[in-house]
Amino acid sequence: MTTKRHHLEISGIRVEVVRKDIKNLHLAVYPPHGRVRVAVPLRTTDETVRLAVISRLGWIRRQQNALEQQERQSKREMVTGESHFVQGRRYRLDVIEQDAPASVVIRNSKTLELRVRPGTDRDKREDVLQRWYRQLLREQIPDLQAKWEPVIGVQVASCVIKRMKTRWGTCNIEQRRIWLNLELAKKPPACLEYILVHEMVHLLERHHNDRFLAYMNGFLPQWRMHREELSRAPLAHEDWEY
């Protein structure tokens, strides 16, 4: 599939233009800083792109302003009193030191209780919490796979959870292996489902073209709502995109 990329400066906005084998123009504003990207058919002129962007300047600036105002978490210090997110909900961290194996438990729907041995430093506390997040995702994935494999008509060989700085998910089409960002454990469950479906659809269509969009619209008609929800969720200290 032929793809060509370049940038245009339009009304003070830097716009990434991607020309590829699609039928319609697609304009999007991406977190965390409001990057503007326009995907267009191969023969679309720069002037057509300019007119399309100018016609939607108000919407673009509203999206960028919303992203700038979006809540961002500072680097977590792993101490009692700071906020942490689990499946889209905010919890107050309570660190308890005790001479026993480390554990993480949600208490009273408001408190995320982290138990560690005395003297455990910040990084090791974070490791305990990350392992707990990983297990939380692992428990959700099998049911989602079982739900969506017969619907989409594909079989996933394996789902791997890892920390990724640039994508919420990715897949190896030949090996039918999907990688999911560990950060999804902090986001609403619908976001995890959307990303998994997105990657499973790539097993049918490699590219983000009209065929891919048609599949997404058919399998998960509300996928754009879930994508927006993912974008609205508080951004981590390190920002992820999708």
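Note that the coordinates shown come from a computational prediction; the quantities given were computed from them, not determined experimentally.

**Focus: the pattern of salt bridges**
Then comes step 1: Here the structure, examined in full by the defined rule, presents 13 salt bridges.
Then comes step 2: We note a salt bridge from D46 to R19, for which the minimum N-O separation is 2.6 Å. Of this pair, D46 sits in helix α1 (residues 46-55) while R19 sits in strand β2 (residues 13-20), and the two are 27 residues apart along the sequence.
Then comes step 3: When salt bridges that share partners are traced, they join R5, E16 and R35 into one network.

**What about unusual backbone geometry?**
Then comes step 1: The backbone of Q87 sits at a positive phi, close to 50°, despite the residue not being glycine.
Then comes step 2: Tracing the backbone through its elements, the reader meets Q87 in the loop between β5 (83-86) and β6 (89-97).
Then comes step 3: Of note, R176 is a non-glycine position whose phi angle comes to about 55°, a positive value.
Then comes step 4: Mapped onto the elements, R176 comes out in the loop between β10 (169-172) and β11 (177-181).

**Overview of the sheet that holds strand β1 (residues 3-10)**
Then comes step 1: Read from one edge of the open sheet, four strands run β1-β2-β4-β3, paired in mixed fashion. With one partner strand each, in any of the chains shown, β1 and β3 (26-30) form the two edges of the open sheet. Neighbour to neighbour, the strand axes of the sheet diverge by 25° on average, direction disregarded.
Then comes step 2: Inspection of the sheet shows β1 paired to β2 by eight bridges, in the antiparallel sense. By the bridge assignment, H7 is partnered in β2 with E16.

**Remarks on the packing of aromatic side chains**
Then comes step 1: Under the counting rule described, the total for this entry stands at three aromatic pairs.
Then comes step 2: Ring centres of Y194 and W223 lie 6.3 Å apart, and the angle between their planes is 20°; this geometry places the pair in the stacked category. Of this pair, Y194 sits in helix α4 (residues 189-201) while W223 sits in helix α6 (residues 223-232), placing them 29 residues apart in sequence. Each member of the pair, Y194 as well as W223, carries the same accessibility label: buried.

**A look at the confidence of the model for the protein chain**
Then comes step 1: Per-residue pLDDT for the protein chain has a mean of 89; in total, 92% of the residues score no lower than 70.
Then comes step 2: Here residues 237-242 is modelled with pLDDT under 50, and outside its nearest four sequence neighbours on either side it reaches 31 contacts, counting other chains as well.

**Focus on the pairing of strand β7 (residues 103-107)**
Looking along a regular strand, one sees side chains alternate from face to face of the sheet.
Then comes step 1: Bridge analysis of β7 against strand β8 (residues 111-116) gives five bridges, and the strand direction is antiparallel. Bridging from a neighbouring strand, I106 pairs with L112 of β8.
Then comes step 2: Between β7 and β8, which follow one another and run antiparallel, lie three residues, and N108 among them has a positive phi close to 60°.

**So, the nonpolar core**
Then comes step 1: Core analysis: the biggest nonpolar cluster contains 45 residues, and L112, L114, W132, L180, L184 and M200 have the highest contact counts within it.
Then comes step 2: Mapped by element, the contributors of at least two residues to this core are β6, β8, α3 (122-152), β11, α4, α5 (210-219) and α6.
Then comes step 3: Top element by residues in this core is α3. It accounts for ten residues.
Then comes step 4: If sequence neighbours within four positions are ignored, W132 has contacts with V86, V104, I106 and L112.
Then comes step 5: Residues V29, V53, I60 and L67 belong to the second largest nonpolar core, which totals 15 residues.

**Remarks on the packing of α3 against α4**
Then comes step 1: The interhelical angle for the contact between α3 and α4, taken along N-to-C directions, is 45°, at an axis separation of 10 Å. The pairing of α3 with α4 is recorded here as oblique in orientation. The hand of the α3/α4 crossing is right-handed. Across the interface between the two elements, L137, Q140, L144, Q145, K147, W148, E149 and I152 from α3 touch P189, L192, E193, L196, V197, M200 and V201 from α4.
Then comes step 2: Broken down by class, the residue content of the contact of α3 with α4 amounts to ten nonpolar, two polar and three charged.

Reading guide: rules and limits
- Residues numbered from 1 in each chain as written.
- Predicted model: local features only at pLDDT ≥ 70, side-chain atom pairs only at ≥ 80, totals over all residues.
- Heavy atoms only, no water.
- Salt bridge = Lys/Arg side-chain N within 4 Å of Asp/Glu carboxyl O.
- Helix = DSSP H or I, 4+ residues; strand = E, 2+ residues; numbered from the N terminus.
- Pairing = 2+ DSSP bridges.
- Axes fitted to C-alpha atoms, helices over the stretch in contact; angles between N-to-C directions.
- Phe/Tyr/Trp six-rings, centres within 6.5 Å; stacked < 30°, edge-to-face > 60°.
- Buried < 20%, exposed > 50% of the residue type's maximum accessible area, 1.4 Å probe, protein only.
- pLDDT = per-residue confidence, 0-100.
- Contact = heavy atoms within 4.5 Å.
- Core = buried A, V, L, I, M, F, W, Y, C linked by side-chain atoms within 4.5 Å.
- Parallel < 35°, antiparallel > 145°, perpendicular 65-115°, else oblique.
- Left-handed = near helix turned anticlockwise from the far one by under 90°.
- Nonpolar A, V, L, I, M, F, W, Y, C, P; charged D, E, K, R; others polar.

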